[in-house]
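Structural description and commentary
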Amino acid sequence: MNAIHDREKVAAPTSLYTNRVKVYTKDVYGPVRSAKSAIMVFCLVVYYTLPWLRWDRGPGVPNQALLLDLWHERFYLFGSVLWPQDIYLLTGLLILGAISLFLVTSLFGRLWCGYACPQTVWTDLFMTVERWIEGDRNSRMRRDAGLWTRDKLWRKLAKHWLWFWIAFWTGGAWIMYFVNAPVVVVEFWTLRAVPDVYFFTFLFATTTYLLAGWAREQVCTYMCPWPRFQAAMFDEQSIIVTYQGWRGEPRGHDKQNNIETFGDCVDCNACVHVCPTGIDIRNGVQLECINCGLCIDACNHVMEKMDRAPWLITWDTLARQEARAVGRQEKLHLVRPRSIIYFAAFLLCGTLVLVGLLTRATTNLSVIHDRAPLFVRLKDGGIRNAYTVKIANKTQNGATYVMSVSGLAAQRLSLPEQNPAFGDSVHLAIAPGSVGDFRLILQGRPGDLPDGRETVAFTLLNETTHQILHYRALFFAPAAAKE
Amino acid sequence: MSSKIEKDAISSTETTGHEWDGLRELDTPLPKWWLYVLYATMVWAAVMCLLYPSVPGIRGYWHGLLGYSTRVEAMRDWHDMQGRHAEAMAQIAATPIDKVITDPKLMETALQSGRITFANNCQPCHGQSGTGRLGYPVLGDDVWLWGGKLTDIETTITHGVRSPDTQARQSVMPSFGADNILKPAEIQAVADYVGVWWGVTPAGTDVSAGARIFADNCAACHGDKGQGVRDFGAPPLNAHVHLYGDTRNDVVAQVTHPRMGVMPNWNARLDTGTIRSVAIYVHSLGGGE
């Protein structure tokens, strides 16, 4: 008989669905709580103020330091401007973010979940507001269980009113990452903004209100995929929030504070009461544990009061705890194949993104041959080919380019839409940060071409910077008769 | 396989009761709000079905309480677009053609409109982007029967060539063979003579007879050196581009019994602004003068 599955314990059939057990978190203070609060404030300040940071990019370009301008297909990231064709760099940044998450998780468990994830940060903020208005755990539980009094009514109303405004500003700030912040704020309140702005503000306000105010730990447990697969990132050598069972058990206490009968755990449930996901850390590693360590602060206070050694709940690895239980000491193994591989992947990806960003071409040239006609014969027997020239000037300076060609006898160029006259080269002016699109005619006397085509080389010279770009294209002519 | 409900000893969660090689699956209950979200989506679907066109019937369909229709919306957009197009064309019609090409915004509109109008109306004969074919001139080369300036092209498109329009471009090439003006041998001599200009006559052929016949019969319209005269719509012959073919037989056939193409007068079908746009587009194909 399998010890885990005890067939004798047969329960009566119950519902397929369960009620949520509401989590009433108790306030706690201590170093972990201070660190968590500091990170929360830092993240919130960055989130709400970053769109207001300015960055001078010259006239005609938004001066917002971080702006994802989807309408005009430009991402402004401080000193660089990303075009749609640079989107792979953004993909690289996202991959880099994922790998650093893997690396940190393999070393220190779910630090992201406990401290920096927006769900955690805003839930913490909403809980702080709740605690401020409705009091701590006990008074909230008492009031919720009690009748609807005037006191209960105004506190609930005040709480939701404040939550609403926080959620609104959160949704509003989100929009500012996509449209110029000072402009959209004015447009928003004068009702001149486009409907998308109102829609997304409303959408993100609603999700903030629901997820941080109501859903809370349900998001982590049921909606977020990360807790489901983070188990693949950490192992018995990762430092995670751990209850030292070998020290604490058997839990309990008596009036004499007798250490001989019981372990260090006095079974006061302080760790459970402060937990934002409402779990008992003493049950070991759990899917729901976001590794925030508030239980550590709570337990340390109790240990201090009971005159016992602190850190009954601490950060440690599973392997070290297992060794401790049988009285051995074991070293930390932070440097191990897993973390080395994650770190190597981090370095590789980081280098690729950096190199990509630094060596990004600031001018792109393409010369596309017309599909029809492939060539045109001229009065004097010469041949004319037409091309579409596209020049992307990604710099913040307007530029004039000189385009010339080599590889064709008696070659002449013209821009029929600008000036039908033919010359040795053509001049193309492109405004800063834009794409120039020109029809180019190339004519010459190619002579006998066995395949009916030959390669010509276009050269594009930036008159100001003297940067030169090359492009090889085909020139078509009637195929010479085969001998 | 057991169908008894049992509890896992560690997590005290029920199992599904199914067992595979000693492994049992936990039957963790879903949160209730999850179920309510499912119900909410059902209600949402029902409301959407009421508001929007949804249920097909035998002779029609449920139009929805909002009366929304993508077809109506598309037609409204189409009418909007037509209105804006007409406005743009009126503006181009009111602007002299030389001014249109120097105004970047008007020029862009004209090229765009010209390209589309050309594809819809001119492409069947002149080919994509004015590729041309036998009997239908190439529009990107440097040979023009009636002139390659913007105004020339606009006039040709407006009134057509040999069209019913009274101001149409008119020209007639005599049927030198069919009307017995020249004898077949004389026609062949002329063909040999003009063939020298683009190299189809073998070197060393005596063309003096053809030269005389050309001076007497052809030079009046085609020019003494075969350079062509645009006032008569007479094509240049000393060229490598020929509307009806460049072999000796092609020339003989054209002199004996000439083919003369017709181009419609587009003023009967297109408005002034649109014609002006097409003229600008054709001018931009590479042959514009």
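Residues numbered from 1 in each chain as written. Chains lettered and ligands numbered in written order. Predicted model: local features only at pLDDT ≥ 70, side-chain atom pairs only at ≥ 80, totals over all residues. Heavy atoms only, no water.

Some thoughts on the overall build of chain A
How we decide: Elements are defined by DSSP. Helices are runs of H or I of four residues or more, strands are runs of E of two residues or more, and each kind is numbered from the N terminus. For a compact globule the rule gives 2.2 Å times the number of residues to the power 0.38, and the radius of gyration it is set against comes from C-alpha atoms. Under the scheme applied here, a residue whose accessible area is under 20% of the maximum for its type counts as buried, over 50% as exposed, and between as partly exposed, the area being computed with a 1.4 Å probe on protein chains only. Note on contacts: a residue pair is in contact if any heavy atoms of the two residues lie within 4.5 Å. Every accessible area reported is derived by Shrake-Rupley at a probe size of 1.4 Å, with residue values counting cover from the shown protein chains alone.
Counting its secondary structure elements, chain A contains 15 helices and 17 strands. Whereas a compact globule of 483 residues would reach a radius of gyration of roughly 23 Å, chain A reaches 34 Å, over 25% beyond that. Considering only C-alpha atoms, chain A reaches an extent of 115 × 60 × 50 Å along its principal axes. Scored against the burial criterion, the 483 residues of chain A give a buried share of 44%. Sequence separation of 24 or more characterises 68% of the internal contacts of chain A that already satisfy a separation of 6 or more. With an accessible surface of roughly 25700 Å², chain A has 65% of that area assigned to carbon and sulfur atoms.

Digging into unusual backbone geometry
Here the residue pair A:Glu249 and A:Pro250 is connected by a cis peptide bond, since its omega of -10° sits within 30 degrees of zero. As for its placement among the helices and strands, A:Pro250 is situated in the loop between helix 11 (245-248) and helix 12 (270-274).

Here's the deal with the domain arrangement of chain B
Residue and element names in this part refer to chain B. Where we set the bar: Residue ranges for the domains trace back to a domain assignment, done automatically or taken from a database. Accessible surface is computed with a 1.4 Å probe, and the buried area is the amount of it that two parts give up when combined, taken over both parts together. Put simply, a salt bridge is a Lys or Arg side-chain nitrogen that is within 4 Å of an Asp or Glu carboxyl oxygen. Nitrogen and oxygen atoms within 3.5 Å of one another constitute a polar contact, given that in protein one can donate a hydrogen and the other can accept it, and given that sequence-neighbouring residues count only through two side-chain atoms. Residue polarity follows a fixed list, in which Ala, Val, Leu, Ile, Met, Phe, Trp, Tyr, Cys and Pro are nonpolar, Asp, Glu, Lys and Arg are charged, and the others, Gly among them, are polar.
According to the domain assignment, chain B contains domain 1 (73-167 + 263-283) and domain 2 (184-256). Between domain 1 and domain 2, the residue contacts involve eleven residues of the former and ten residues of the latter. Across the interface of domain 1 and domain 2, roughly 900 Å² is buried in total on both sides, 68% from carbon and sulfur atoms. When the buried area of domain 1 at its contact with domain 2 is split by residue, Val143, Leu145 and Trp146 rank highest and sum to 49% of it. At the boundary of domain 1 and domain 2, one finds zero salt bridges. Linking domain 1 with domain 2 are two residue pairs in polar contact (both at pLDDT 80 or more). Taken together, the residues of the side of domain 1 that touches domain 2 break down into seven nonpolar, three polar and one charged.

Regarding the sheet that holds strand 5 (residues 80-82) of chain A
Note: strands within a sheet are paired through backbone hydrogen bonds, in either parallel or antiparallel orientation. All names here are of chain A. Put simply, the rule is: In this analysis, strands are considered paired if DSSP registers two or more bridges between them. Axes here refer to lines fitted to C-alpha atoms; in helices the fit is confined to the stretch in contact. Angles between the N-to-C directions go from 0 to 180 degrees.
Strands sit in the order 3-4-5 across an open sheet of three strands; the sheet is antiparallel. Every interior strand has two partners, whereas the edge strands, strand 3 (66-69) and strand 5, have only one. Ignoring strand direction, the axes of neighbouring strands in this sheet form an average angle of 15°. Here strand 3 pairs with strand 4 (residues 74-77) via four bridges, running antiparallel. Looking at strand 4, one finds that Leu67 is bridged to Tyr76.

Some points on the packing of aromatic side chains
Cut-off, in case you're wondering: The aromatic pairing rule takes the rings of Phe, Tyr and Trp, using the six-membered ring of Trp, and pairs them if the centres are within 6.5 Å, calling planes under 30 degrees apart stacked, those over 60 edge-to-face and the rest tilted.
Throughout the structure, instances matching the rule amount to 34 aromatic pairs over all chains. When the ring of A:Trp161 is compared with that of A:Trp165, the centres are 5.7 Å apart and the planes differ by 85°; the resulting orientation is edge-to-face. Pair noted here: A:Trp161 and A:Trp165 are both in helix 6 (residues 150-176), with a separation of four residues, about one helical turn. In this structure A:Trp161 comes out as exposed when scored by relative accessible area, which is 53%. Seen from their ring centres, B:Trp197 and B:Phe214 are 5.4 Å apart, and the 80° between their planes marks the pair as edge-to-face. Placement of B:Trp197 in helix 7 (residues 184-198) and of B:Phe214 in helix 8 (residues 208-217) is noted, with a sequence separation of 17 residues between them.

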